[in-house]
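These are the residues of each chain, in order.
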Amino acid sequence: MRRLRYSINVTLDGCVDHRGPRADEALHRYHAASLARADALLFGRVTYQMMEEAWRPPASDAMPDWTRSFARMIDGAKKYVVSTTLDHVDWNAELVRGDLGGAVRTLKDEPGGELYVGGVTLPTALAELRLIDVYEFVVHPRVAGHGPRLLDGLSTPLDLELVGREELGSGGVVAMRYEPRT
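Residues numbered from 1 in each chain as written. Predicted model: local features only at pLDDT ≥ 70, side-chain atom pairs only at ≥ 80, totals over all residues. Heavy atoms only, no water.

(A) Fine view of the pattern of salt bridges. Under the defined criterion, the tally for this structure stands at 14 salt bridges. With its nearest N and O atoms 2.9 Å apart, the salt bridge here joins E110 to R2. In this pair, E110 is assigned in the loop between α4 (100–109) and β5 (114–117) and R2 in the segment before β1 (4–11), connecting sequence segments 108 residues apart. Of the charged contacts in the structure, one is a salt bridge between R165 and E167, with a shortest N-O distance of 3.3 Å. (Salt bridge = Lys/Arg side-chain N within 4 Å of Asp/Glu carboxyl O. Helix = DSSP H or I, 4+ residues; strand = E, 2+ residues; numbered from the N terminus.)

The structure is reproduced here in structure tokens:
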């Protein structure tokens with residue numbers, strides 16, 4: 001059974017807007033290594049379109065050299081896109097429709113390594129369904145003062161246990177990994 005890992009950059013005030021944290025070389029290396037552990041990526045429509053616009057060649061070719069490994073990882077990865085509004089996807093992607101819980105449980109039941117989910121709305125729905133096995137919060141020492149908040153709207157609290165911590169050497173950025181308490 002594959003584990004589902006939610007990984008997101010978050011500011012000290014809980015902002016998960018992709019413009020909140022500052023990206024640097026250490027952060028891109030960390031996320032490239034994180035993506036390398038995943039068999040497939042699970043995105044909602046907004047995250048898929050944002051990632052495609054930024055990281056699909058030739059757009060990624062204009063990025064700094066230190067982003068290349070991340071760009072290669074995300075470009076080549078298998079992607080599942082949860083959407084009720086898109087008619088088709090490409091970029092190594094497949095649409096996921098219908099019952100979200102059932103579809104994700106089916107993906108998790110397949111053999112292989114991790115599934116990786118990013119974004120805001122889809123992970124909140126998956127957390128509500130208790131389908132996320134690992135929560136990875138990359139915390140940036142910044143207060144954004146705006147934007148969507150981490151897992152905003154959960155109907156019940158989510159109790160987590162710290163299972164790993166890593167300082168990224170990026171001016172105080174810390175990656176913390178949690179698992180749901182049983």
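So much for the structure itself; the text now carries on.
(B) Region of interest: the packing of aromatic side chains. Counting across every chain of the model gives six aromatic pairs. Considering the side-chain rings of Y6 and Y135, the 6.4 Å spacing of their centres and the 80° angle between planes classify their relative orientation as edge-to-face. Here Y6 is found in strand β1, whereas its partner Y135 is found in strand β6 (residues 134–140), with 129 residues between them in sequence. With a relative accessible area of 0%, Y135 lands in the buried category. Aromatic pair Y6 and F137: ring centres 6.4 Å apart, planes at 90°, arrangement edge-to-face. Here Y6 is found in strand β1, whereas its partner F137 is found in strand β6, with 131 residues between them in sequence. (Phe/Tyr/Trp six-rings, centres within 6.5 Å; stacked < 30°, edge-to-face > 60°. Buried < 20%, exposed > 50% of the residue type's maximum accessible area, 1.4 Å probe, protein only.)

(C) Representation of helix α2 (residues 45–55) within the structure. The complete set of buried residues in α2 reads T47, Y48, M51, E52 and W55. Axial view of α2: buried residues confined to an arc of 130°, hence all on one face. Seen from the buried face of α2, the exposed residues on the opposite side, beyond 90 degrees, are V46 and E53. Contacts from the buried residues of α2 go to α1 (25–36), β2 (38–44), α3 (68–76), β3 (78–82) and β4 (93–96). (Arc of directions from axis to C-beta. Contact = heavy atoms within 4.5 Å.)

Take it as geometry only, folks, not as evidence of what the structure does.
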